[in-house]
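A structural walkthrough
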Amino acid sequence: MINVHGIGPTDRDLAPGEDRTWVSVGQFEQMLDLAARRDHVRITFDDGNASDLEIALPRLLDRGLTAEFFVLAGLLGEPGRLDADGVRELVKAGMPVGSHGWAHRDWRRVDETEAREEFQEAHRVLGDLVGGPVDSVAIPFGSYDRRVLKRLRHAGVRRVLSSDGGPAKPSAWLQPRNSLRHDMDAAWLTAVVDGRPGPAQRARRLAARTAKRLRGKP
């Protein structure tokens, strides 16, 4: 599973480090062309950037591809972001929409008021826009521990996407994704879409996922 953030030029200030996952239109199209020839590749988008609608959607449709868009409900309509009509347009085009939370906070560090926004209010707002329940979630920053996973289960989330890297089983509750980066090259991209990480990379990913699941253990 390949995850995309922003594409091409933007008219908003990027958060620290956000430029690392902001790619050119050419890089994005290269990924799409590889994915279009491989039925097993799934594509997702995080953050609800305006480029989801302006750049990504027409190129997905041109190639007959479907992607899932994880939107920040509390930032709808802000400069450089999707607004409510944009979300409706994605749904009308046949693109599933899930929650990326409310305000792109680290879910390991939210208080109770913020947690209600992230795990309840965001789902309500997006559900009203898409016309049905929103029960798929992408974790901001890929930052989670046992307490975050417990909160998501209590919220009735059906599927959780992380940024841990590696292959994902469509039937799994917690699924890793591979984030598209500004410094990717053709060799990296081909290895990702063909699912061919080296042994050392597989070991690092397994260790990172295990550590996250154990964080927050009493």
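Report follows, based on the coordinates. (Residues numbered from 1 in each chain as written. Predicted model: local features only at pLDDT ≥ 70, side-chain atom pairs only at ≥ 80, totals over all residues. Heavy atoms only, no water.)

1. Focus on the overall build of the protein
Within the protein one finds 7 helices and 10 strands. Across the 218 residues in the protein, those meeting the buried criterion constitute 49%. Partitioning the contacts of the protein with sequence separation of at least 6, the portion at a separation of at least 24 is 67%. (Helix = DSSP H or I, 4+ residues; strand = E, 2+ residues; numbered from the N terminus. Buried < 20%, exposed > 50% of the residue type's maximum accessible area, 1.4 Å probe, protein only. Contact = heavy atoms within 4.5 Å.)

2. Points about the nonpolar core
The biggest cluster of nonpolar side chains holds 37 residues, and the ones touching the most others in it are F28, M31, I43, F45 and L60. Considering every element that reaches this core, the biggest residue donor is helix α1 (residues 25–36), with 5 residues. Look past the residues within four positions of F28 in its chain and what remains in contact with it is V4, I7, V23, F45, A56 and R59. Core analysis: the second largest hydrophobic core is formed by 14 residues, W107, F119, W173 and L174 among them. (Core = buried A, V, L, I, M, F, W, Y, C linked by side-chain atoms within 4.5 Å.)

3. Things to note about the packing of α1 against helix α2 (residues 51–62)
Orientation of α1 relative to α2, taken along the N-to-C sense of each, is 30°, at an axis distance of 11 Å. Comparing their axes, α2 and α1 come out roughly parallel. In the crossing of α1 with α2, the sense of the turn from one axis to the other is right-handed. Taken together, the residues of α2 that come into contact with α1 (itself represented by V25, F28, E29 and L32) are I55, A56, R59 and L60. Grouping the amino acids of the contact of α1 with α2 by side-chain chemistry returns 6 nonpolar, no polar and 2 charged. (Axes fitted to C-alpha atoms, helices over the stretch in contact; angles between N-to-C directions. Parallel < 35°, antiparallel > 145°, perpendicular 65-115°, else oblique. Left-handed = near helix turned anticlockwise from the far one by under 90°. Nonpolar A, V, L, I, M, F, W, Y, C, P; charged D, E, K, R; others polar.)

4. What about the packing of aromatic side chains?
All chains considered together, the criterion is met by 3 aromatic pairs. Following the ring pairs from residue to residue traces out a cluster consisting of F28, F45 and F69. Between the NZ or CZ atom of R177 and the centre of the ring of F70, over which it lies, the distance is 5.9 Å. (Phe/Tyr/Trp six-rings, centres within 6.5 Å; stacked < 30°, edge-to-face > 60°. Lys NZ or Arg CZ within 6 Å of the ring centre and 35° of its normal.)

5. What to know about the side chain of D145
Position of D145 relative to the elements: it lies in the loop between β7 (136–138) and α5 (146–154). Separated by 3.1 Å, the side chain of D145 and the backbone nitrogen of R147 make a polar contact. (Polar contact = N/O pair within 3.5 Å; in protein donor to acceptor, adjacent residues only side chain to side chain.)

6. Brief notes about α2
In this model α2 runs 16 Å from its N-terminal to its C-terminal C-alpha over 12 residues, within 8% of the 16 Å that 1.5 Å per residue would give. Here α2 has its buried residues at S51, D52, I55, A56, L57 and L60. Elements that come into contact with the buried residues of α2 comprise β2 (6–7), α1, β4 (43–46), β5 (68–71) and α3 (84–92). Taken from the residues just after α2, G64 is the one with a positive phi, measuring 70°. (Expected span 1.5 Å × (residues − 1).)

7. Considering the side chain of N3
Here N3 shows up in strand β1 (residues 2–4). Of the polar contacts made by the side chain of N3, one reaches the side chain of D46; its length is 3.1 Å. Among the polar contacts listed, one links the side chain of N3 to the side chain of R177, at a separation of 2.9 Å.

8. Things to note about helix α4 (residues 112–130)
The α-helix advances 3.6 residues per turn, and as a result positions three or four apart in sequence lie on the same side. Taking 1.5 Å as the rise per residue, α4 with 19 residues should run 27 Å; its terminal C-alpha atoms sit 26 Å apart, in good agreement. Every buried residue belonging to α4 is among A115, E118, F119, A122, H123, V125, L126, G127 and L129, and all of these are buried. The backbone nitrogen of T113 has a side-chain oxygen 3.1 Å away, supplied by the residue at the start of α4, namely D111. G131 lies just past α4 and shows a positive phi near 80°.

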